[in-house]
Amino acid sequence: MISAIPLPALLGLGLISLVVALLRRRKGTSIGDLKGPSSRSILLGHEYDLSRQEEVGDLEFTWLKEYGPTWKVRAPFGHDALMTADPKALQHIFHKSGYGYAKEPSQNHISYIMAGPNIAWVQNADHQRHRKIMNPAFSAAQLRSFLPMFQATVQRLSDKWKTKLSATGPSVLRVDDWISRAALDIIGQAAFDYDYKGLDDDSDSPLAQAYHGIFKEVGYMLPVSTMLFRATWDYIPEPILKLFKYIPAQPFNHLRGVSNLFTKYGREILREKRPEADAEKRTDGKDVLSILIKANESSDPKTRLSDEELLAQMYTLTLAGHETTATTFSYLLYEVARHPEYQARMRQEVLETRARILERGGVEFTLEDLDAMPVCMNAIKETLRVHPIAASLPRVATHDDVLPLAFPATTKSGETVNEVPIRKGQVVYTSLATYNRIPQVWGEDSHEWNPDRFTRLDGGKQTFVGVFANLMTFSAGTRACIGWRFSPSQVDVAHPSSPLNMVIEMQALCTELLGSFQFSLPDGYDPKKPELQRAPSSSNMIAIIRGKPELGTAMRLRVELLE
């Protein structure tokens with residue numbers, strides 16, 4: 001197989017697409033008078049600078065300080081784009097406008113190349129159909145029922161660490177790899193009642209290997225020619241875009257390989273789940289796939305998913321359902337290693353709660369126990385705030401609009417404006433990472449990891465934006481992560497609703513791992529130049545070892561077994 005397209009051919013494709021782009025050039029924007037940073041590149045605009053920043057947010061946080069939460073940037077091919085982290089603007093785009101701000105094709109189509117026609121890729125009526133069919137599988141009651149399974153898998157991970165550390169003593173472990181393997185097993189069982197064998201000793205799961213580092217593969221330090229090629233996707237008809245998955249070059253070769261591997265797993269799982277295979281298991285199945293298959297018995301095509309769509313959902317759930325949890329919880333362990341005093345408070349809360357459980361004759365933590373542990377919950381919230389996996393979400397206005405602002409934007413003439421006219425076709429870069437750092441929303445120490453901020457925030461003074469803790473880490477509105485649902489037992493003044501599946505999973509990880517192990521930074525850690533780098537990869541954030549990107553996504557911590 002050809003491993004790469006010759007550069008002249010790639011540039012030729014880019015040139016043809018650029019001509020198409022110029023012929024279909026969007027109407028002049030209405031944001032040209034806003035202040036914003038100058039761009040060094042006519043062809044790529046600020047996308048090149050954003051892709052080359054050392055840490056996610058380095059540029060955006062600087063621009064936030066200089067211009068406020070809303071400013072103008074340069075998009076590829078000389079277009080003006082709006083970048084905003086303003087809470088009212090985000091609320092308007094994600095909550096109030098429905099599908100009025102569509103996903104940008106150059107970003108969204110990678111989802112199709114990776115997984116096919118999945119819920120993250122489809123738009124408008126198709127997205128409504130997917131969402132309606134899938135919603136029952138993600139009800140609050142459904143997600144809450146997964147806790148015992150979460151705990152059993154986390155216990156397996158803990159037992160493996162205990163066995164290893166009992167023999168070796170304190171060791172530096174790739175915690176992200178271990179957590180990812182455990183999360184893969186969790187999503188396999190919860191979503192499909194299937195064992196991916198991520199934690200098995202005698203087999204290094206092929207699927208775990210294939211998925212590991214996939215977000216780095218598709219977006220980290222892309223060559224300029226590749227960035228230009230992808231920028232033209234905004235102007236290319238969808239039927240042609242769908243053919244790009246067959247391009248014999250990286251990362252398309254890798255993505256096809258992962259897709260083919262998962263299709264093999266997916267078809268095997270579907271065969272076991274079909275009614276003709278095991279009617280009793282099908283009827284009683286409580287996993288996500290069983291519920292989707294039951295919904296697919298409908299004769300109405302508007303309430304069904306095709307097999308291609310079903311496989312695409314399975315791929316997406318497996319990738320997103322385990323990588324997001326694994327990466328976020330790895331960052332939580334990294335932060336408690338940096339803040340041993342807060343780690344001690346979390347451990348004390350875990351041990352005290354465990355003692356109360358034993359006193360009443362119980363064995364495992366219940367959801368009520370987990371909900372009554374604010375020290376651990378605040379650490380989860382704060383990690384999601386400081387280390388959002390999705391750093392930005394580009395959107396395109398589907399109609400003329402007016403974008404309201406909570407914080408005024410400034411024009412070149414020095415005038416302040418409280419709203420921005422938006423024309424159809426206008427690109428808007430919503431910066432989720434920047435919203436999560438606005439001092440007026442999160443406090444003057446917004447760039448610091450400080451979980452105690454959630455005990456002092458006044459939710460009544462915040463603009464409602466996100467689905468969890470008012471964070472934008474998981475998007476919001478009609479396109480919010482479908483795996484997030486609300487827990488009636490998690491109501492507080494600042495955050496009236498809390499999502500479940502990932503939170504419960506991380507709570508289970510906290511109670512077992514913080515109660516059994518001590519986490520610290522590896523020897524030689526330099527706080528001025530930490531080993532861990534929060535690198536940009538397209539619109540996402542990945543964790544790599546500074547100066548060693550060839551190792552892929554990685555997080556090393558010293559782990560010690562507690563007495």
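What counts, and where the lines are drawn
Residues numbered from 1 in each chain as written. Predicted model: local features only at pLDDT ≥ 70, side-chain atom pairs only at ≥ 80, totals over all residues. Heavy atoms only, no water. Helix = DSSP H or I, 4+ residues; strand = E, 2+ residues; numbered from the N terminus. Buried < 20%, exposed > 50% of the residue type's maximum accessible area, 1.4 Å probe, protein only. Contact = heavy atoms within 4.5 Å. Core = buried A, V, L, I, M, F, W, Y, C linked by side-chain atoms within 4.5 Å. 1 Å grid on protein atoms, 1.4 Å probe; cavity = no way out; pocket = protein on both sides within 12 Å on 5 of 7 lines; lining within 4 Å. Points joined across faces, edges and corners; volume = space filled by probe spheres on them. Nonpolar A, V, L, I, M, F, W, Y, C, P; charged D, E, K, R; others polar.

Peer 1: Explanation requested: the side chain of threonine 325 in the structure shown.
Peer 2: In this structure, threonine 325 sits in helix 17 (residues 307–338). For threonine 325, a relative accessible area of 2% corresponds to the buried category. Apart from the residues within four sequence positions on either side, threonine 325 is in contact with Met502, Glu505, Met506 and Leu509.

Peer 1: It is not clear to me how the nonpolar core should be interpreted in this structure. Could you clarify?
Peer 2: Soluble globular proteins tend to bury their nonpolar side chains together. Counting 157 residues, the largest nonpolar core has Trp161, Tyr196, Leu333 and Met346 as the members making the most contacts within it. In terms of residue count, the dominant contributor to this core is helix 17 (14 residues). Discounting chain neighbours no more than four positions away, the residues touching tryptophan 161 are Leu173, Val175, Trp178, Leu513, Phe517, Phe519 and Val559. Residues Phe77, Leu222, Ala231 and Tyr235 belong to the second largest nonpolar core, which totals 7 residues.

Peer 1: In this structure, what is going on with empty space enclosed by the protein? I would like to understand it.
Peer 2: One water molecule sets the probe size; rolling that probe over the atoms shows where empty space is left. Counted by the stated rule, this structure contains 7 cavities of 30 Å³ or more. Taken together, 20 residues form the lining of the second largest cavity, with Asp176, Glu323, Thr327, Ala543 and Thr553 sitting closest to its centre. At the level of secondary structure, the elements contributing two or more residues to the lining of the second largest cavity comprise helix 9 (175–192), helix 11 (214–219), helix 17 and strand 11 (540–545). In terms of residue count, helix 17 provides more of the lining of the second largest cavity than any other element does, 5 residues in total.

Peer 1: Is there a simple way to think about the layout of surface pockets in this case?
Peer 2: Roughly 530 Å³ of volume is contained in the second largest pocket. If you trace the second largest pocket, you find 24 residues lining it, with Glu55, Arg338, Arg437, His447 and Arg534 closest to the centre. Elements represented by at least two residues in the lining of the second largest pocket include exactly helix 3 (58–67), helix 17 and strand 10 (532–537). Ranked by residue count, the leading element in the lining of the second largest pocket is helix 17, at 3 residues. Among the residues forming the lining of the second largest pocket, the class breakdown is 9 nonpolar, 4 polar and 11 charged.

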